[in-house]
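What follows is the residue order along each chain.
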Amino acid sequence: MNQSVADFEIIATFKRAQADAAHKSGLIKAAAKKGPKAIQAAVDAAAKAAKRRDAYAKKLDALGVSLKD
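The model shown is predicted, which means the values in this text are computed figures rather than measured ones.

Helix and strand counts for the protein chain come out as 2 helices and 0 strands. Relative to the 2.2 N^0.38 estimate, which gives 11 Å for 69 residues, the radius of gyration of the protein chain is 15 Å and therefore markedly larger than a compact globule would have. Its C-alpha atoms put the protein chain at 50 × 20 × 15 Å along the principal axes. With 69 residues in all, the protein chain has 19% of them scored as buried. Counting only contacts in the protein chain whose residues sit at least 6 apart along the sequence, the fraction spanning at least 24 positions is 67%. As presented, the protein chain carries roughly 5,200 Å² of accessible surface, and 58% of it is formed by carbon and sulfur atoms. Here the protein chain contributes 14 positive and 7 negative side-chain charges, whose respective centroids are spaced 9 Å apart.

As structure tokens, this is what we get:
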């Protein structure tokens, strides 16, 4: 596999993970109306999504790929 193709795939995966983390963080606010169990589930999901996003960011950093927002 071409190195640049692999980089683009990781970048695309990172961007999907980034969007997922932002979405799940937003769900915490919506879950606030549903009670403490819903809030905890939303917080857990958001934490997992953020961890996944950070793992891809670390892989990109190791490849020397820098993403600027």
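Here we come to helix α2 (residues 36-63). Look at α2: 41 Å from first C-alpha to last across 28 residues, which is about the 40 Å you get at 1.5 Å a residue. Looking at α2, one finds that the buried residues are Ala42, Ala46, Ala49 and Leu60. Downstream of α2 by one or two residues, Gly64 has phi in the positive range, about 85°.

Reading guide: rules and limits
Residues numbered from 1 in each chain as written. Predicted model: local features only at pLDDT ≥ 70, side-chain atom pairs only at ≥ 80, totals over all residues. Heavy atoms only, no water. Helix = DSSP H or I, 4+ residues; strand = E, 2+ residues; numbered from the N terminus. Rg over C-alpha atoms; globule rule 2.2 N^0.38 Å. Buried < 20%, exposed > 50% of the residue type's maximum accessible area, 1.4 Å probe, protein only. Contact = heavy atoms within 4.5 Å. Areas by Shrake-Rupley, 256 points an atom, 1.4 Å probe, with all protein chains shown as cover. Lys, Arg positive; Asp, Glu negative; His and termini not counted. Charge placed at Lys NZ, Arg CZ, Asp CG, Glu CD. Expected span 1.5 Å × (residues − 1).

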